[in-house]
Amino acid sequence: MFFTKPTYEEIRLPFRFIESSADLECGYIDIEAYGNIFGKKKYCYSWYELKDSKMYCNGDYEHMVELLKNSADKTVKVIIKVKKGLPKNFKLDINSLAEVYNDERFKFLSLLGWGFNDKSYEELSTKR
């Protein structure tokens, strides 16, 4: 069989807020979940903006960033796309992020980009 349908696995991983001054100036939120995925250390980097521009004016954005900066010991649900037994893609579950903080504002994040890496954001950004 040449074509196999992907399967999806859900796991909870710790995450960290990536504090990029350029992205903060643009109003972006960068989050990296990380951990052991099928026996390998992986980093799931996601980059977001807010769906509602009013949230930038009313202080919601700054408050969300402050919550994310203090994320020690918190986890987020990550949905891993698996094809032929190998992880190929992922999606951070925004609803689980909203549950972690008990804050519905996190449901207003809109995905701009992502990276599924063997190295952390810090490791990749220092090699530039």
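To keep things clear, this report deals only with the structure shown in the data block. This is a predicted model, so every value here is computed, not measured.

The subject of this paragraph is the nonpolar core. Ranked by size, the top nonpolar core spans 28 residues in total, and within it Ile29, Val78, Leu92 and Leu109 carry the most contacts. The set of elements that each furnish at least two residues to this core consists of β1 (7-18), β2 (29-37), β3 (40-50), α3 (60-69), β4 (75-83), β5 (86-92), α4 (94-101) and β6 (109-117). Those residues in contact with Val78 that sit more than four places away from it in its chain are Glu9, Glu10, Ile11, Leu13, Ala33, Cys44, Phe90, Lys91 and Leu92.

Turning our attention to the layout of surface pockets. Looking at the second largest pocket, its volume works out to about 150 Å³. Lining the second largest pocket, in full, are Ser46, Tyr48, Ile79, Phe90, Lys91, Leu92, Asp93, Ile94, Asn95, Leu111 and Trp114. At three residues, the largest contribution of residues to the lining of the second largest pocket is made by β5. When grouped by side-chain class, the residues that make up the lining of the second largest pocket number seven nonpolar, two polar and two charged.

Take the pattern of salt bridges next. Tallied over the entire structure, the rule returns ten salt bridges. Taking the shortest distance from any N to any O, the salt bridge between Glu19 and Lys69 comes out at 3.3 Å. Here the residue Glu19 occupies a position in the loop between β1 and α1 (21-26), and Lys69 occupies one in helix α3, the gap between them amounting to 50 residues. Classification of Glu19 by relative accessible area gives exposed; the value is 53%. A residue is classified by how much of its surface remains accessible, and Lys69, at 35% relative accessible area, is partly exposed.

Before going further, it helps to examine the side chain of Ser71. Mapped onto the secondary structure, Ser71 falls in the loop between α3 and β4. For Ser71, a relative accessible area of 5% puts it in the buried group. A polar atom in the side chain of Ser71 sits 2.3 Å from the side chain of Tyr101. Those residues in contact with Ser71, other than ones at most four positions away along the chain, are Phe15 and Tyr101.

Attention now goes to α4. Within the sequence span of α4, burial applies to Ile94, Ser96, Leu97, Ala98 and Tyr101. Measuring from the backbone nitrogen of Asn95 back to the side-chain oxygen at the start of α4 gives 2.9 Å, which picks out Asp93 as the cap. Note on α4: the residue one or two positions beyond its end, Asn102, has a positive phi of about 55°.

Applying the stated criterion to the full structure yields seven aromatic pairs. Between Tyr45 and Tyr121, the aromatic rings sit 5.1 Å apart at their centres with planes inclined by 15°, giving stacked as the arrangement. Taken together, the residues Tyr45 in strand β3 and Tyr121 in helix α5 (residues 121-126) connect sequence positions 76 residues apart. Owing to a relative accessible area of 23%, Tyr121 belongs among the partly exposed residues under this scheme. Ring centres 4.9 Å apart and planes at 20° place the aromatic pair Tyr101 and Phe106 in the stacked group.

A full pass over the atoms with the stated rule returns zero disulfides. Of all cysteine sulfurs in the structure, the one in Cys26 sits closest to Cys57, which takes part in no disulfide; the separation is 15 Å.

The rules behind these values
Residues numbered from 1 in each chain as written. Predicted model: local features only at pLDDT ≥ 70, side-chain atom pairs only at ≥ 80, totals over all residues. Heavy atoms only, no water. Core = buried A, V, L, I, M, F, W, Y, C linked by side-chain atoms within 4.5 Å. Buried < 20%, exposed > 50% of the residue type's maximum accessible area, 1.4 Å probe, protein only. Helix = DSSP H or I, 4+ residues; strand = E, 2+ residues; numbered from the N terminus. Contact = heavy atoms within 4.5 Å. 1 Å grid on protein atoms, 1.4 Å probe; cavity = no way out; pocket = protein on both sides within 12 Å on 5 of 7 lines; lining within 4 Å. Points joined across faces, edges and corners; volume = space filled by probe spheres on them. Nonpolar A, V, L, I, M, F, W, Y, C, P; charged D, E, K, R; others polar. Salt bridge = Lys/Arg side-chain N within 4 Å of Asp/Glu carboxyl O. Polar contact = N/O pair within 3.5 Å; in protein donor to acceptor, adjacent residues only side chain to side chain. Phe/Tyr/Trp six-rings, centres within 6.5 Å; stacked < 30°, edge-to-face > 60°. Disulfide = S-S within 2.5 Å.

By themselves, these observations are geometric and do not establish any function.
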